[in-house]
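Here is how the chains run, residue by residue.
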Amino acid sequence: MLESLLGVIAIVALFIIISKQQSRLGLLERELGALRSLVLSGAVPAPAAKAAEVSTETAEPGVPEALAAAVADVPAKAELAIAAAPDADVAAELPAAANAEAEAGEAGPWGGTQAPSTPEPAPAPARPDIETALGTRWAVWVGGLALAFGGVFLIRYSIESGLFGPGARLTMAALLGLVLVGGGEFIRRTGFRVPIQNGGSAYIPAILTAAGAFTLFGTIYAAHGLYGFIGAGTAFVLLGIVGVATIGAALAHGQPLAGLGLLGAMVTPALIASAAPNFWALFGYLAIVLVATAAVARTRRWSLLMGAAFIGTGLWTLLYLADAPLADFTIILFISAVTLAALALLWLGRRDDMTALDWPSMVPAFFVAVTAMVLFIHPTYAALGGPLRGTILLVGLLAVALYRPAAVSLLFAAGIATVLVYLRNALGGTFELDLPIGGLMVEGLPIEIAGTSLTRIGWLLGLVFAGTGLWSAHRLAATAPWRAAAWAGWGVAVPLVVLTSLWIAYGNPDRDLLRALISAVLVAGFIAGGEWIARAEQPPLQGGPAVSFVLGGAGVALLLALHMGFGSGLTTVLLGLAAVVPALATRQRAYPVLGWLSVGAAVAVLARIAFDPTVVGADRLGMTPVFNWILPGYGIPAIAFGFAAWQLARTTNGRPRLVMEAVAALFSLLTVAMLVRHAMNGGVITSDAPTLAEQAIYTLIALGGGGILVALDMRSPSPVLRYGSLAIGVLSVLSVLGQHFLVLNPLFTDEGTGSIPFFNLLFLAYLLPALAAAALAYYARGKRPKWYSAMLAFVAALLAFAYATLSVRRLFQGDHIGLWAGLGQVETYSYSALWLAMGVGLLVAGVTLKSQVLRIASAALISIAVAKVFLFDMSELEGVLRALSFIGLGAVLIGIGLFYQRLLTRAARS
């Protein structure tokens, strides 16, 4: 089957090559004909004329014309030689030889000299056609594959025919492999070059050597696995020698051959089975292969080969940890140390750019970090001291990252591994949470076996990360700010995660003074470290990314200290006050992060009250109106946020100031709203059944807050204040329409309106909001868009209409005014008279205040009254009430007409 396939491929390739050669010959014939016509006509192409001119100027009379063509052809030969070079080193040597040849040609055997000419730019390399690909690359690849399979078929034929015994067959296969390797080396030493540009992949000596190595691998494995001629140890050594030798030969033959040798070397331990494996021998062998590969890859800068070597070693290490009955920690530390040493001393030893990120370093970073995590988390290894060995590996990652800046990926790997280990430690056991909706129990992960050792190791890792992180950030702040930020970020993140994990796992979640003190020490240390790093910046004290990370860590540490050291209520209050500290710090330092630290404190307070709106818990809140934990829990943060916004507006300004203004306004409204809800619900603020009176208080608060924001914006313009006032106005209108008129309307709920004649629920829910909306509409005229004032004025008119109408119904129905009580005829007539009177009143007010909105509302109200009289009163009223209804309507309409006629007449006279 394979022989037929190779034959078909060869025939097709030959056919394509012949056809392409025919077409190219035809093209050459046409070009020669065109050149002959030019020569006969006396015209000379520009390049040829230039070459002839140079030849005439530099050569003595009688010099053959072919000399000029030879001189002109030297650069082309040099380009051809460079394109044919198999690797970068040979290509670098050829231009010098070509230049020497050109200089010799310029001097000439006759002693003439030639003035140097400006070299023309080399034309862009043409893309190889299908003929070049088939004839120079595919043919070589298929040929090498055919040679490799040829050895296999030869052995197969000898087996089927019974010509030779197993020993003879293996001997012939080994000889074939050696001949192929020797042939590749012979062709290379004779000065072979690929005669096409970018033809390194068709380098014949490398193909022959690879085929020979493949044959030798197969022969040695067959001698051990199939026939048992050699033992496991001998086969292991021979296969290792072939693999390492193949990697070494790649220095002369290219990276693909090294990849083949590396693959064979890494697969060798899997091919050789043993009843009693020697793991020291295995990892000693892997260490030799890794070091040899690193040396070769370092010489040629073969990143792909280096990454593959690290992958192979890492996979063997994880396989050993997973499948071995009980892994030897010394072996794990040995192979990990060899991996890190090969990375730091060999692969990165000759790197020119020590700051650019090195991607092969990510491979050992991943595998060593995963190995460390397994030693921490695996129950068996954890019980036998695995966390201590894992700590050594993590510290080793940090050490290499410090020594080689290009290996910064090791820093990230060590940091991520440490964070994951301690997050897993924090999630052990069962969690009981008291939420506003009730208790919640969460079953976590199994409790960590090595809990006591994790505490000491955690303190050690926290100190190591903090020390190396801050020191490196200080050292790199001026030259590599983002690399400094990486060190600073992990330098603060790991200690904070470790502290939080140990607090949750082994501390007192309610109050832990010892860990609160440690967190306070971290706050002071991070603030000092941030200032230390800032002084090393160029220019100093700019507050770059590294400083931002460190000061951000100080903010998180302060958050932890407050939660660990104080109760729920004090924590909320102190967090609000903490927003003032970074705002005040902007008087001394203009670090961009300071304003955002104030925002972070506000977000923390918001999260706390969202989790528990009672601040201290429903059982401790109390029932005393106003003077309870809601007042300081909401009010003090509101004042602190307002002061922080005021301070930021005078120093750094920017978006943090806008956010703090918005949060201050929000907390001001929340303070009043929550106090009202507490007072009106007997100390319960988490009830799901709000009343109309409570909703009326919220509406009044919102409208008052909108007016306050408008006033503040006029004094100190701010987008937050401007758009915040618009948003509060719109939300207030939507709340009125949805709650006051529909959901909580006493007509539908039959809620009691109170026994007091005037100061009752209707006064609170309709008349006061109407006055507030009207006042805000009047105050916002000229300060906000016209639609804003018109919207508020319209809602004010609706609320006034509702108050008057519902007051009439209360006069007839009493405390409860639900619709199901029905309508009497006098009550029905009273509504018509009331609406007409209100329409007239709105008309007078609209003309006096020159408000088109009020005049339109008057027209709408009178239209409603007209519709009611004709559609409802005509059928429901009887006797004198029906007549009075129509008489009153007519009189009002005529009066309105007379009023408008006089108004227009007066306007025409003026």
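Residues numbered from 1 in each chain as written. Predicted model: local features only at pLDDT ≥ 70, side-chain atom pairs only at ≥ 80, totals over all residues. Heavy atoms only, no water.

Novice: Any chance you could break down the overall build of the protein for me, citing the residues and the numbers?
Specialist: The helix and strand tally for the protein stands at 35 helices and 2 strands. Residue burial in the protein is summarised as follows: out of 910 residues, 42% are buried. Once local pairs closer than 6 in sequence are excluded, the contacts in the protein between residues at least 24 apart make up 70%. Carbon together with sulfur atoms contributes 70% to the accessible area of the protein, which is approximately 45,600 Å² in total. (Helix = DSSP H or I, 4+ residues; strand = E, 2+ residues; numbered from the N terminus. Buried < 20%, exposed > 50% of the residue type's maximum accessible area, 1.4 Å probe, protein only. Contact = heavy atoms within 4.5 Å. Areas by Shrake-Rupley, 256 points an atom, 1.4 Å probe, with all protein chains shown as cover.)

Novice: I'd like a rundown of the packing of helix α31 (residues 761-779) against helix α32 (residues 786-813), residues and numbers included.
Specialist: The geometry of α31 relative to α32 is characterised by a closest axis approach of 8 Å and an angle of 155° between their N-to-C directions. Relative to α32, the element α31 lies roughly antiparallel. As α31 runs across α32, the sense of the crossing is left-handed. Here α31 contributes L762, F763, A765, Y766, L767, P769, A770, A773, A774, L776 and A777 to the contact with α32, which in turn contributes Y788, S789, L792, A793, A796, L799, A800, A802, Y803, L806, S807 and R810. (Axes fitted to C-alpha atoms, helices over the stretch in contact; angles between N-to-C directions. Parallel < 35°, antiparallel > 145°, perpendicular 65-115°, else oblique. Left-handed = near helix turned anticlockwise from the far one by under 90°.)

Novice: Describe the packing of aromatic side chains, and please don't skip the residues or the numbers.
Specialist: Tallying each qualifying case throughout the model produces 13 aromatic pairs. Look at F283 and Y320: their rings are 5.2 Å apart centre to centre, the planes differ by 65°, and that puts the pair in the edge-to-face class. Placement of F283 in helix α11 (residues 279-300) and of Y320 in helix α12 (residues 303-323) is noted, with a sequence separation of 37 residues between them. Accessibility assignment for this pair places F283 and Y320 in one class, buried. Geometrically, the ring pair formed by F366 and F367 is edge-to-face, given 5.2 Å between the ring centres and 80° between the ring planes. When its relative accessible area of 49% is taken as the criterion, F366 is described as partly exposed. Look at F367 and you get buried, because its relative accessible area is 10%. (Phe/Tyr/Trp six-rings, centres within 6.5 Å; stacked < 30°, edge-to-face > 60°.)

Novice: Report on α12, specifying residues and quantitative values.
Specialist: Between its first and last C-alpha atoms α12 spans 30 Å; for 21 residues at 1.5 Å apiece the expected length is 30 Å, and the two agree. Taken residue by residue, α12 has L305, M306, G307, A309, F310, G312, T313, G314, W316, T317, Y320 and L321 as its buried positions. (Expected span 1.5 Å × (residues − 1).)

Novice: Any details on the nonpolar core? Residues and values, ideally.
Specialist: Within the largest apolar cluster, 97 residues are counted, with the highest numbers of intra-cluster contacts made by L410, L411 and Y422. Top contributing element to this core by residue count: helix α19 (residues 481-506), with 13 residues. L411 has contacts with L398, A401, F465, A486, W487 and W490, leaving out every residue within four places of it along the chain. Membership of the second largest hydrophobic core comes to 32 residues, among which are A693, L703, A773 and L799. (Core = buried A, V, L, I, M, F, W, Y, C linked by side-chain atoms within 4.5 Å.)

Novice: Describe in detail the environment of T455, supporting the description with residues and values.
Specialist: Locating T455 in the fold gives a position in helix α18 (residues 451-476). Between the alpha carbons of T455 and Y506 there is a distance of 8.9 Å; along the sequence they are 51 residues apart.

Novice: With reference to specific residues and values, describe unusual backbone geometry.
Specialist: Omega for the peptide link from Q538 to P539 comes to -10°, which places this bond in the cis form. Considering the arrangement of structural elements, one finds P539 in the loop between α20 (513-535) and α21 (545-565). One non-glycine residue, L541, lies in the positive phi region at around 60°. Looking at the secondary structure, you find L541 in the loop between α20 and α21. In this structure, D750 is a non-glycine residue whose phi angle is positive, near 60°.

Novice: Could you give an account of the side chain of T614, naming the residues involved and the relevant values?
Specialist: Within the secondary structure, T614 is located in the loop between α24 (592-611) and α25 (618-621). For T614, a relative accessible area of 3% puts it in the buried group. Of note is the side chain of T614, whose polar atom sits 3.4 Å from the backbone nitrogen of A618. (Polar contact = N/O pair within 3.5 Å; in protein donor to acceptor, adjacent residues only side chain to side chain.)

Novice: How would you summarise helix α33 (residues 825-849) if you had to cite specific residues and measurements?
Specialist: A turn of α-helix holds 3.6 residues, and therefore any two residues three or four places apart point the same way. Over its 25 residues, α33 extends 36 Å from the first C-alpha to the last, a length consistent with the 36 Å expected when each residue adds 1.5 Å. Of the residues making up α33, those classed as buried are E827, T828, Y831, S832, L834, W835, L836, M838, G839, L842, L843 and G846. At the exit of α33 stands K850, carrying a positive phi of roughly 55°.

Novice: Outline the environment of P613, supporting the account with residue identities and numerical values.
Specialist: The topology assignment puts P613 in the loop between α24 and α25. A sequence separation of 61 residues divides P613 from M674, and the C-alpha atoms of the two residues are 8.8 Å apart.

Novice: Help me get a handle on the pattern of salt bridges, residues and values and all.
Specialist: The full count for this structure, using the stated rule, is 5 salt bridges. Salt-bridge contacts for D512 lead to R515; the nearest nitrogen and oxygen are separated by 2.8 Å. A single burial state applies to D512 and to R515, both of which are buried. Where salt bridges share partners, they join E531, R535 and R589 into one cluster. (Salt bridge = Lys/Arg side-chain N within 4 Å of Asp/Glu carboxyl O.)

Novice: Hey, could you go over the environment of F741 for me, with residue numbers and the actual values?
Specialist: With respect to the element layout, F741 can be found in helix α29 (residues 719-743). F741 gets classed as buried once you look at its relative accessible area, which sits at 19%. Beyond its immediate sequence surroundings of up to four residues, F741 is in contact with V736, F748, L798, L799 and A802.

Novice: Account for the packing of helix α14 (residues 362-377) against helix α16 (residues 386-403), with residues named and values stated.
Specialist: Axis separation between α14 and α16 bottoms out at 7 Å; the angle between their running directions is 160°. For the element pair α14 / α16, the angle class is roughly antiparallel. In this structure, the crossing between α14 and α16 has a hand that is left-handed. Here A365, V368, A369, T371, A372, L375 and F376 of α14 lie close against α16, whose contacting residues are G386, P387, R389, G390, T391, L393, L394 and L397. Split by residue class, the contact of α14 with α16 holds 10 nonpolar, 4 polar and 1 charged. (Nonpolar A, V, L, I, M, F, W, Y, C, P; charged D, E, K, R; others polar.)

Novice: Give me the lowdown on the confidence of the model for the protein, citing residues and values where you can.
Specialist: On average, the protein scores 75 in pLDDT, and the residues at 70 or more come to 63%. Counting contacts from residues 44-141, a segment whose pLDDT is below 50, to residues more than four positions away or on other chains yields 77 contacts. Throughout residues 192-203 the model reports pLDDT below 50, and contacts reaching past four residues in sequence, or to other chains, amount to 38 contacts. (pLDDT = per-residue confidence, 0-100.)

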